[in-house]
Every structure is written in structure tokens, then in C-alpha cells.
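Coordinate inspection notes
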Amino acid sequence: MELLTDLARRHHLAVIEDCAHCAGGSYAGRKLGMWGDIGCFSFEEKKSMTTGDGGMLSSNQPDLIEPLRAYRWVGIDKDTWKRAAGNTSPETLDARHWYYEISVLGYKYNMNDLMAAIGLAQLRKLDGMNARRRVIIQRYLDGIRDCRQIRPLLPYNLEGSSYWTFGVPL
């Protein structure tokens, strides 16, 4: 990652991390998803952290994330909470709270409140779930250490890992 981010900086490129399978993992003391300019996470049911479906982008650079917001909800330029705030807050009562523009051809990438609540509960348990997976993988590695016929698919490095599966080659 150090080489990749250095190369990208020298050539004025953004680094977009695919973190679909590594929620909560780290590399060289830094959380995955925070090495590049944008981290992309997936929360499908088979991932290490799930909401049932959906995902998340992470970044410390609002100028990169802000233009992407409209794409998440069929191109609508205002999110539901901002529209609702215009109708419910006495300070910002807006007769046109319902108004929005469809500024780009977007997608249905937004997460509903139920999925978000599941995600928040999963996030609180994520470190413990990843620690448990590391214990299980270490147990597998210890169990096959002396087997000539079975070897691990990867050179598993468990420190800070968030492996969600253990594989052996056929």
C-alpha cells in the first residue's frame, strides 16, 4: 500500500480501495479503507460485517465524496433527512421541503434505516468478531500444520486481519 499510494501521489491519482471483504482489518497499523482516498466497503450477508445488503464509502476528503452522494439514490440531489429537516424544524421551515432535482443518472445504492441499525450493531461487535475469526483460523492452521496433503490457500498473516474465510487448494 505504501508503494501504491506513493505512486498515485506522484502522478496525481486518487487511490480507491476495494475493502469489500476487510471491514475492521488493518495493515501496518492503519485501518483498511483509510490508506487511499476512498475506501469502498460491502455489507452483503456473506461479508465479515453485514447489514443484509448495501455498502459504504469512507474518506477524509469531502470534496471526493460529495459529488458521489446523488448517485446513491437515483440521482436525487437532496437526502431524505435534509428534506425532512426543512419541514420539521421551526428555524428552517421550508414550504418547498419536498422539492428536489434529479441531477445525474443515479442508482439505488442507499441503505434503509433498518439495515443501518443492523450495521451499527454489527460495527460495535466487529473487533470481537474479527478476533474470533483469527482464533478459528489459527486453530485451522495448527490443525493442518503437519498434513502434507492439506495446506492453506493463503499465507495467512493474522495480525490485524479481518479474514472472513479460510481456504485450502483442491
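What counts, and at which threshold
Residues numbered from 1 in each chain as written. Predicted model: local features only at pLDDT ≥ 70, side-chain atom pairs only at ≥ 80, totals over all residues. Heavy atoms only, no water. Helix = DSSP H or I, 4+ residues; strand = E, 2+ residues; numbered from the N terminus. Expected span 1.5 Å × (residues − 1). Buried < 20%, exposed > 50% of the residue type's maximum accessible area, 1.4 Å probe, protein only. Polar contact = N/O pair within 3.5 Å; in protein donor to acceptor, adjacent residues only side chain to side chain. Phe/Tyr/Trp six-rings, centres within 6.5 Å; stacked < 30°, edge-to-face > 60°. Lys NZ or Arg CZ within 6 Å of the ring centre and 35° of its normal. Salt bridge = Lys/Arg side-chain N within 4 Å of Asp/Glu carboxyl O.

Right, let's get into helix 5 (residues 113-144). Structural remark: α-helix, 3.6 residues per turn; residues separated by three or four positions point the same way. Between the first and last C-alpha of helix 5 there are 43 Å, a value that for 32 residues agrees with the 46 Å anticipated at 1.5 Å per step. All buried positions along helix 5 are accounted for by Gly119, Gln122, Leu126, Asn130, Ile137, Leu141 and Ile144. Where helix 5 begins, one side-chain oxygen reaches toward the backbone nitrogen of leucine 114, 3.1 Å away; that side chain belongs to asparagine 112.

Attention now moves to the packing of aromatic side chains. Applying the stated criterion across every chain yields a total of 5 aromatic pairs. For the pair tyrosine 140 and phenylalanine 166, a centre-to-centre distance of 5.1 Å together with 55° between the ring planes defines the contact as tilted. Of this pair, tyrosine 140 sits in helix 5 while phenylalanine 166 sits in the segment after helix 5, and the two are 26 residues apart along the sequence. For phenylalanine 166, a relative accessible area of 22% translates into the label partly exposed. Centroid distance tyrosine 156 to phenylalanine 166: 4.9 Å. Interplanar angle 20°. Geometry classified as stacked. In this pair, tyrosine 156 sits in the segment after helix 5 while phenylalanine 166 sits in the segment after helix 5, placing the two residues 10 residues apart along the sequence. Accessibility expressed as a relative area gives 12% for tyrosine 156, which makes it buried. Grouping aromatic residues by their ring pairs yields a cluster made of Tyr140, Tyr156, Tyr163 and Phe166. Here the guanidinium or amino end of arginine 30 rests over the ring plane of tryptophan 35, the centre of that ring lying 4.5 Å away.

Going through the model one piece at a time under the given rule, you end up with 7 salt bridges. For arginine 9, the salt bridge goes to aspartate 37, with nearest N and O atoms at 3.2 Å. Residue arginine 9 is located in helix 1 (residues 2-10), and its partner aspartate 37 is located in the loop between strand 3 (30-31) and strand 4 (38-42); the two are separated by 28 residues in the primary sequence. What makes aspartate 37 buried here is its relative accessible area of 7%. Among the ionic pairs, glutamate 66 bridges to arginine 69, the shortest N-O distance being 3.0 Å.

The values reported here are purely geometric and, on their own, carry no functional implication.
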